[in-house]
Amino acid sequence: MSPKKPDADVPPSLLLVDKPGGMTSHDVVAIARRVMGVRKVGHAGTLDPMATGLLVLGVGAATRLLGYLSGSDKTYEATIRLGQRTVTDDREGEVTATTSAAEVTEDAVRTALAAQVGPLQQVPSSVSAVKVDGKRSYDRVRAGEEFELAARSVTVHAIDVHRIARPTPDVVDVDVTVSCSTGTYVRAIARDAGTALGVGGHLTALRRTSSGPFGTEQARPVEDAAAALAGPGSGPGVVALADAARAVFPARELTAADAVALGFGQRVPATGAAGLHAAIAPDGRLVALVEDAGPMAKVVVGFPQA
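Every value quoted in this text rests on a predicted model; they were computed, and no experiment measured them.

Conventions and cut-offs
Residues numbered from 1 in each chain as written. Predicted model: local features only at pLDDT ≥ 70, side-chain atom pairs only at ≥ 80, totals over all residues. Heavy atoms only, no water. Salt bridge = Lys/Arg side-chain N within 4 Å of Asp/Glu carboxyl O. Helix = DSSP H or I, 4+ residues; strand = E, 2+ residues; numbered from the N terminus. Buried < 20%, exposed > 50% of the residue type's maximum accessible area, 1.4 Å probe, protein only. Axes fitted to C-alpha atoms, helices over the stretch in contact; angles between N-to-C directions. Parallel < 35°, antiparallel > 145°, perpendicular 65-115°, else oblique. Left-handed = near helix turned anticlockwise from the far one by under 90°. Contact = heavy atoms within 4.5 Å. Nonpolar A, V, L, I, M, F, W, Y, C, P; charged D, E, K, R; others polar. 1 Å grid on protein atoms, 1.4 Å probe; cavity = no way out; pocket = protein on both sides within 12 Å on 5 of 7 lines; lining within 4 Å. Points joined across faces, edges and corners; volume = space filled by probe spheres on them. Core = buried A, V, L, I, M, F, W, Y, C linked by side-chain atoms within 4.5 Å.

Undergrad: Teacher, can you tell me more about the pattern of salt bridges here?
TA: Side chains that carry opposite charge are capable of pairing whenever their charged atoms lie near each other. Scanning all chains against the criterion turns up 10 salt bridges. Asp-48 serves as the salt-bridge partner of Arg-187, at 3.3 Å between the closest nitrogen and oxygen. Taken together, the residues span a long stretch of sequence, with Arg-187 in helix 5 (residues 186-197) and Asp-48 in the loop between strand 2 (41-43) and strand 3 (52-59) at a distance of 139 residues. For Arg-187, a relative accessible area of 4% gives the class buried. Across the pair Glu-253 and Arg-246 runs a salt bridge whose closest N-O atoms are separated by 2.9 Å. Residue classification places Arg-246 among the partly exposed positions, given a relative accessible area of 37%. Among the charged side chains, a salt-bridge network with shared partners connects Asp-48, Asp-90 and Arg-187.

Undergrad: Teacher, can you tell me more about the packing of helix 3 (residues 106-114) against helix 5 here?
TA: Their axes nearest at 9 Å, the elements helix 3 and helix 5 cross at an angle of 125°. Taken together, the axes of helix 3 and helix 5 are oblique relative to one another. For the crossing formed where helix 3 meets helix 5, the hand is right-handed. In this structure, helix 3 uses Ala-108, Val-109, Ala-112 and Leu-113 to contact helix 5, whose residues at the interface are Ile-189, Ala-193 and Leu-197. When its residues are assigned to classes, the contact of helix 3 with helix 5 shows 7 nonpolar, no polar and no charged.

Undergrad: Where do I start with empty space enclosed by the protein in this structure?
TA: Over the atoms a probe the size of a water molecule is rolled, and this reveals where empty space is left. For the structure shown, the criterion picks out 1 cavity of 30 Å³ or more. Estimated volume of the largest cavity: approximately 40 Å³. For the lining of the largest cavity, the element with the highest residue contribution is strand 18 (residues 286-293), accounting for 3 residues. Residue classes in the lining of the largest cavity are distributed as 3 nonpolar, 3 polar and 3 charged.

Undergrad: What's the story with the nonpolar core in this structure? I'm lost.
TA: Nonpolar side chains in soluble globular proteins generally cluster together in the buried interior. Among the nonpolar cores identified, the biggest contains 51 residues, and Leu-15, Met-36, Leu-57, Val-109, Leu-113 and Val-174 are the most heavily contacted of them. For this core, the element with the most residues is helix 1 (residues 25-36), which contributes 6 residues. If near-sequence neighbours (up to four positions away) are discounted, Leu-57 is found in contact with Ser-13, Leu-14, Leu-15, Val-17, Val-28, Val-29, Ala-32, Val-41, Gly-42, His-43, Leu-66 and Val-222. Counting 24 residues, the second largest nonpolar core, distinct from the first, contains Ala-44, Ala-242, Phe-249 and Phe-303.

These figures capture arrangement, not role.
Structure representation (structure tokens):
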């Protein structure tokens, strides 16, 4: 175990983690904290224990970027099984109904999945992290409560079908890539496509391959990424704070005077460019996220110099 150290001793950064199956997102955060010996670590977007793939962690001041990253589009690789319903809409839940998919054609499968593309009003799985009256939905299910979650607006940009197979005569497995907005439940896509086909459906595999500008090709096991940040301060799976901000936002290169002013929370002349910008000091340091407000630009999120 790493000795406890002030959070300031570890440079603020993102960790791009390739999460294994069977581990919660909180488990991954706990390992990163232990390896680095720091407390301030968070994640941008939960992955279910069954799911693998990209989990973005923020360390130190980089946690201030996580809210913006969690709103980014995501890409997943998934396997949908048609012919069975489960209580969780994935393989970890008890099978609640079985209906033979022997008569379901490949064309019907493709049509049902195509209907899940575009702007949707999607009802999340009841066993999800969605809060109902301040309590997690999955906790209500475990307590035996009956309730119905409200539909939410999501957008599925594309569902690419790669393989349709029949491991047994009564079920159909479909390998897909799903590109979607934040808040989309791929489990719900499987459930709803199966419902449309009259046979039910659930996920048997799920892997997040990208979140915003970051992908699994950059990710590493949490122990490796955390050790790299805690040791040399850089390495595979580590994205420095300024580089992370540049990847997510357009950059505004500051003069030395503007960097000082923004550091004190003061306003600087606007550029006329819409939206948030990463304000970068001449030494390459991220000073703030800024946004034009009339003739001046204001600090939306500041990153004080350590």
